[in-house]
Amino acid sequence: MSTYLFQNTYIYDGQMERGLRCDVLVENGVISKIEAPNTIDDGHVSLIDCNGEKLLLPGFVNGHTHAAMSLLRGLGEETPLMSWLKEQIWPVEGRLTPEYIYWGTALALLEMASCGVTCFGDMYFEMDQVAQVSLAMGMKCALSRGLIGEDQKRVDENLKLIDDWHGKKGLLSVQLGPHAPYTVPMNAMKKISELALERNVGIHTHFLETEWERQYLRDELHCQPVEYLEKTGLLNTPRTILAHGVWFLPEELPLLKDSNITIVHNPNSNLKLGSGIMPLPEMIDQGISVSLGTDGAASNNRLDIWEEMRHGALIHKGVRHDPTIIKAKQILTMATLNGARGLGFEKTGLIRETWDADLVLIDLDRPHYLGFDVETLPVYIVYAGSSTDVEATMVKGQWVYFNGEFPSVDREEILKQAAQARKALIS
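In what follows, the accompanying structure is described.

Cut-off values and rules
- Residues numbered from 1 in each chain as written.
- Predicted model: local features only at pLDDT ≥ 70, side-chain atom pairs only at ≥ 80, totals over all residues.
- Heavy atoms only, no water.
- Core = buried A, V, L, I, M, F, W, Y, C linked by side-chain atoms within 4.5 Å.
- Buried < 20%, exposed > 50% of the residue type's maximum accessible area, 1.4 Å probe, protein only.
- Phe/Tyr/Trp six-rings, centres within 6.5 Å; stacked < 30°, edge-to-face > 60°.
- Helix = DSSP H or I, 4+ residues; strand = E, 2+ residues; numbered from the N terminus.
- Arc of directions from axis to C-beta.
- Contact = heavy atoms within 4.5 Å.
- Pairing = 2+ DSSP bridges.
- Right-handed = clockwise from strand over helix to strand, strands pointing away.
- Polar contact = N/O pair within 3.5 Å; in protein donor to acceptor, adjacent residues only side chain to side chain.
- Axes fitted to C-alpha atoms, helices over the stretch in contact; angles between N-to-C directions.

## A closer look at the nonpolar core
- By size, the foremost hydrophobic cluster in this structure holds 129 residues, and its most contacted members are Phe-6, Phe-60, Leu-72, Met-139, Phe-248 and Met-309.
- One finds Cys-119, Ala-142, Ala-340 and Leu-343 within the second-largest nonpolar core, a separate group that totals eight residues.

## Re the packing of aromatic side chains
- Across all of its chains, the model carries 14 aromatic pairs by this definition.
- Centre to centre, the rings of Tyr-10 and Phe-372 are 5.3 Å apart; their planes meet at 80°, and the pair counts as edge-to-face. On the criterion of sequence distance, the pair formed by Tyr-10 in strand β1 (residues 4-11) and Phe-372 in the loop between β14 (359-363) and α12 (377-384) is long-range, its members being 362 residues apart. Neither residue differs from the other here; Tyr-10 and Phe-372 are each classed as buried.
- An angle of 75° between the planes, with centres 5.0 Å apart, marks the rings of Tyr-102 and Trp-103 as edge-to-face.

## Some words on helix α6 (residues 211-219)
- The set of residues buried in α6 consists of Glu-213, Arg-214 and Leu-217. Angular distribution of buried residues about the axis of α6 spans 105°; they occupy a single face of the element.
- Its buried side turned inward, α6 meets β10 (202-207) and α7 (225-231).

## Quick look at unusual backbone geometry
- Here Asn-300 and Asn-301 are connected by a cis peptide whose omega angle stands at 15°.
- With respect to the helices and strands, the residue Asn-301 is situated in the loop between β13 (289-292) and α10 (305-320).
- Its identity is not glycine, yet Asn-28 carries a phi of approximately 50°, on the positive side.
- In this structure, Asn-28 sits in the loop between β2 (20-27) and β3 (30-35).
- Judged by its relative accessible area of 63%, Asn-28 falls in the exposed class.
- In this model, Leu-208 sits at a positive phi of 55°, which is unusual for a non-glycine residue.
- With respect to the helices, strands and loops of the structure, Leu-208 is situated in the loop between β10 and α6.

## Overview of the pairing of strand β8 (residues 140-147)
- Burial analysis of β8 places eight of its eight residues in the buried class, the great majority of the element.
- Taking every second residue as pointing to the same face, both faces of β8 are buried, with Lys-140, Ala-142, Ser-144 and Gly-146 on one and Cys-141, Leu-143, Arg-145 and Leu-147 on the other.
- Both strand β7 (residues 117-124) and β8 contribute to a ladder of six bridges, which runs parallel. Note on β8: the bridge partner recorded for Phe-120 is Cys-141.
- With respect to chirality, the unit in which β7 leads through helix α3 (residues 127-137) into the neighbouring parallel β8 is right-handed.

## Things to note about the side chain of Asp-13
- Note that Asp-13 resides in the loop between β1 and β2.
- Classification of Asp-13 as buried rests on a relative accessible area of 1%.
- Engagement of the side chain of Asp-13 in a polar contact is seen with the backbone nitrogen of Gln-15, the distance being 2.9 Å.
- Not counting residues up to four positions away in its chain, the partners in contact with Asp-13 are Pro-58, Leu-350, Ile-351 and Arg-352.

## Looking at the sheet that holds strand β6 (residues 60-65)
- Read from one edge of the open sheet, eight strands run β6-β7-β8-β9-β10-β11-β12-β13, paired in parallel fashion. Both outer strands of the open sheet, β6 and β13, are each paired with one neighbouring strand and no more. When the angles between neighbouring strand axes are averaged without regard to direction, this sheet yields 25°.
- Summarising the sheet, strand β12 (residues 261-265) and β13 pair through four bridges and their orientation is parallel.

Okay, structure coming up:
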């Protein structure tokens with residue numbers, strides 16, 4: 001494994017009071033030293049001379065996506081969620097093959113790695129293919145096989161994923177993936193929660209993405225949202241990811257305080273589908289863990305966490321008429337540490353000695369960073385920065401993206417195969 005010295009760089013993570021100028025040494029896949037600038041011996045290492053013009057951030061975490069849906073981008077645009085799913089997406093998904101899933105996921109990983117994403121939570125089909133692509137690229141992934149109805153075969157597929165891939169090379173985590181309360185009967189959801197507890201894994205599910213879902217819980221299942229989480233055991237698993245959470249009422253949130261829940265905020269997907277805006281300020285006030293996600297490329301249409309950070313901060317300020325209501329450092333914590341923890345990855349999401357070297361190298365020598373200092377770094381990142389500033393992305397001490405190149409995969413072959421898969425799917 002290579003050793004890298006980032007000499008005279010800035011660092012920042014969402015738990016730091018201010019940025020820091022320093023040297024960072026990466027050895028054996030972890031951050032081994034953080035010391036004053038130009039003080040670590042650079043012998044026998046790969047030197048990255050940052051010259052005070054670069055910034056290291058923790059790798060970004062895309063907490064909720066369906067990576068292979070990169071092949072479905074642009075289908076059924078500007079359509080309400082349920083119509084979009086039933087009339088445009090589900091029919092095409094019925095034609096997906098394992099090979100298409102492989103290349104669609106690979107296409108998504110090119111996009112995410114170049115945007116600084118080092119870890120993602122994926123719910124889809126043929127998840128063995130997603131595992132293989134993630135390992136080939138060297139990226140962290142939390143896999144969950146989407147489960148619909150009471151199909152024991154699909155549940156068995158998800159359990160086999162745990163046996164085959166959970167913990168592999170420190171890059172893969174496996175969760176159980178019941179799709180949503182409106183596609184999985186309550187009894188089946190309860191059994192899945194029991195399996196998660198038994199296997200000591202998390203659950204990843206959609207929850208309260210639309211106002212219609214809240215009405216469904218009330219009229220069809222005869223319970224309120226938190227009551228549903230209690231009855232199905234989703235509050236008793238080791239970890240539960242709730243993707244979206246748009247239609248929680250503020251008065252319900254105290255019941256989730258200190259729980260196992262991580263809610264994934266997908267601001268751009270929710271805006272594009274007209275689903276609404278989640279009560280993020282109240283969630284933060286209650287100490288609920290919230291992370292950031294893009295959702296699939298078919299509903300977003302980008303897999304760019306930088307955009308989710310910026311919009312995730314701005315929409316709440318605008319809707320609440322309060323510029324102070326969400327802080328840049330809170331958004332950065334959501335995009336890194338909270339996402340990693342929710343997906344089951346430890347020592348990931350901060351820049352600390354002994355933590356995994358999941359890092360993003362940012363070029364600060366850009367016009368829009370003029371005037372930054374260690375105090376204002378967070379606001380420059382969230383409000384001025386963008387994914388075009390990413391020079392390189394590292395996972396466990398290995399480059400997955402470096403100056404426009406992808407060292408471990410063949411970009412041109414991925415683009416070629418993904419284009420052929422797209423053409424076959426929609427022809």
